[in-house]
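What the coordinates show
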Amino acid sequence: MSAGGAEEEANLEFTPTWVVAAVCTVIVAISLAAERFLHYGGKFLKNKNQKPLYEALQKIKEELMLLGFISLLLTVSQNGITKICVPPSVTRYMLPCSLDEKEKVTVEHLLGQDRFHFERFFSFPRRLLAETRGTETETHALAKTEFCARKNKVPLLSVEALHHLHIFIFVLAVVHVTFSVLTVIFGGARIRQWKHWEDSIAKQNYETDQVLKRKVVDVQQHDFIKGRFSGFGKDSAIVGWLKSFFKQFYGSVTKSDYVTLRHGFIMTHCKANPKFNFHKYMIRALEDDFKQVVGISWYLWVFVVIFLLLNINGWHTYFWIAFIPFILLLAVGTKLEHVITQLAHEVAEKHAAIEGELVVQPSDDHFWFHRPHFVLFLIHFILFQNAFEIAFFFWIWVTYGFDSCIMGQVRYIVPRLIIGVFIQVLCSYSTLPLYAIVTQMGTHFKAAIFREHVQVRLAGWAQEAKKKKGVKADSQPGEGSSHAVAGIQLGSVFQKRASAAEDGASVPKVEGSAE
């Protein structure tokens, strides 16, 4: 090997200290900057009383820590894994590419034709990192190959394959978190468009004439019933499901839907407080669910392992598996729309006319397995699976090239990308907003959100009372004892209200009264 090559392949023993210090400084600075960014982001969310989003940020930190541990584990166990030797016959089955493709890639590699410009550009840092190892990459790799060759066996996993797997896991986690954040941001923007409906309802509630004036309304003429229980096939279950299927693509939630579902929630969970801000509660509930969607649970890692196992040449697993989130997303959207339709059917079948507002009855019986939360599990899986498809595509493209045998033919690639974009758009602008409002039609509600908000309000009231007490004490110094007694009584009132907040029926009233 040439002297220039020996210098390029020098280890730390013969590397200038200023180079080592400079590289360490850059790496540590970037790491600390990322850590500080997450830290101040968390402080900002806490100051804004965004506890659900703060917990979601903590979940992201946990995922980053898990990725760091996986990276460390792969690095430490690299030498041990590459020294595991198996018979050559074992490695000839269940291959992502055929052995003919392997021979073709080997020939292209020897001729220097194994990379086109895009993949060569992005793989340069990886190859440079391998080259800087020099002796370790060549001599150690050869030693490990000879270690197994002496036993007439081959390594279970090569160093390069282990490195590619390492990169894929990191890319998958980053893409999943990014897609989840984008989905909640766009879905939340869609939900916030409903705020003017909430404002118009609040304005009507403040108009005394409208509140006291109760009129008899024909149920069949109500906008909610006409939109959900009228026309052709209203008594047919099949037609009802078909309408629900197509409804998710256009006008998934109308104003009549929002007003009726809101009124049903209030009459069920906080009847004493008709001015309850349902829109704000729904936003808080969605933010609380976001911390579950952004994480990668154990069953999702199991799915990754199963896919890697079944990614066999000729099976086109990467193509067929793209239809799983697609079908699940359509099923979830149809089910959520059908829940609204069921609520309309129940009212239309029981009443011919009503006095005042139309009231639907929330119930867990309308949901799969009587569990509204199961819908969140499916959305979590859909988002992860879609992120997995996109991450796998770009990882193969950058690592092996667009014409790789793992990538497959163009007729399999294009549908996958179209399905991925469709899932992301539909989930953001239709399914997630549907989930946010329809899952409130269950038997229970999230009392923890009420308790947290009430505690913040009570703390604010207490501070304001202390300030007023201090001002009065300064103006009337001779009445300190009476003010002390008043302060004690005020504290007891707050304690009673805080304890009352634990009761599900009275909490919404406190929430609404503070608006």
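A quick note: this is a predicted structure, and the numbers were derived from the prediction, not measured.

How each quantity is defined
Residues numbered from 1 in each chain as written. Predicted model: local features only at pLDDT ≥ 70, side-chain atom pairs only at ≥ 80, totals over all residues. Heavy atoms only, no water. Helix = DSSP H or I, 4+ residues; strand = E, 2+ residues; numbered from the N terminus. Buried < 20%, exposed > 50% of the residue type's maximum accessible area, 1.4 Å probe, protein only. Contact = heavy atoms within 4.5 Å. Axes fitted to C-alpha atoms, helices over the stretch in contact; angles between N-to-C directions. Parallel < 35°, antiparallel > 145°, perpendicular 65-115°, else oblique. Left-handed = near helix turned anticlockwise from the far one by under 90°. Expected span 1.5 Å × (residues − 1). UniProt positions renumbered as here; feature names shortened; annotations may be inferred.

Time to look at the environment of L358. For L358, the location among the structural elements is in the loop between β4 (353-355) and α18 (373-400). L358 gets classed as buried once you look at its relative accessible area, which sits at 2%. The spatial distance from the C-alpha of L358 to the C-alpha of V219 is 7.9 Å, given a sequence separation of 139 residues. Residues contacting L358, with those up to four places away along its chain left out, are V219, H222, F224, I225, T260, H263 and V347.

On to unusual backbone geometry. Positive phi, normally seen in glycine, also occurs at M94, with a value near 55°. Structurally, M94 is set in the loop between β1 (85-86) and α5 (99-111). In this structure, N152 takes a positive phi of about 60° despite not being glycine. Here N152 shows up in the loop between α7 (135-149) and β2 (154-155).

Now for the packing of helix α2 (residues 17-47) against helix α3 (residues 51-76). For the pair α2 and α3, interaxial distance at closest approach is 8 Å and the crossing angle is 160°. Taken as axis vectors, α2 and α3 run roughly antiparallel relative to one another. Between α2 and α3 lies a crossing of left-handed hand. In this structure, α2 uses L38, H39, G41, G42, L45 and K46 to contact α3, whose residues at the interface are L53, Y54, L57, K61 and L64.

Further remarks concern helix α13 (residues 255-269). Spacing of three or four residues puts side chains on the same side of an α-helix, whose turn is 3.6 residues. Its 15 residues place the ends of α13 21 Å apart at the C-alpha level, agreeing with the 21 Å of an ideal helix rising 1.5 Å per residue. With 11 of 15 residues buried, α13 is to be regarded as a mostly interior element. Along α13, the positions that sit buried rather than exposed are S256, D257, Y258, T260, L261, R262, H263, G264, F265, I266 and H269.

According to UniProt, the "transmembrane region" (unreviewed entry) feature falls on residues 18-38, 165-186, 293-312, 318-336, 374-397 and 417-438. Helix makes up 70% of residues 293-312 and strand 0%, with an end-to-end C-alpha separation of 30 Å. Structurally, residues 374-397 is divided into 100% helix and 0% strand, and its ends, taken at the C-alpha atoms, are 35 Å apart.

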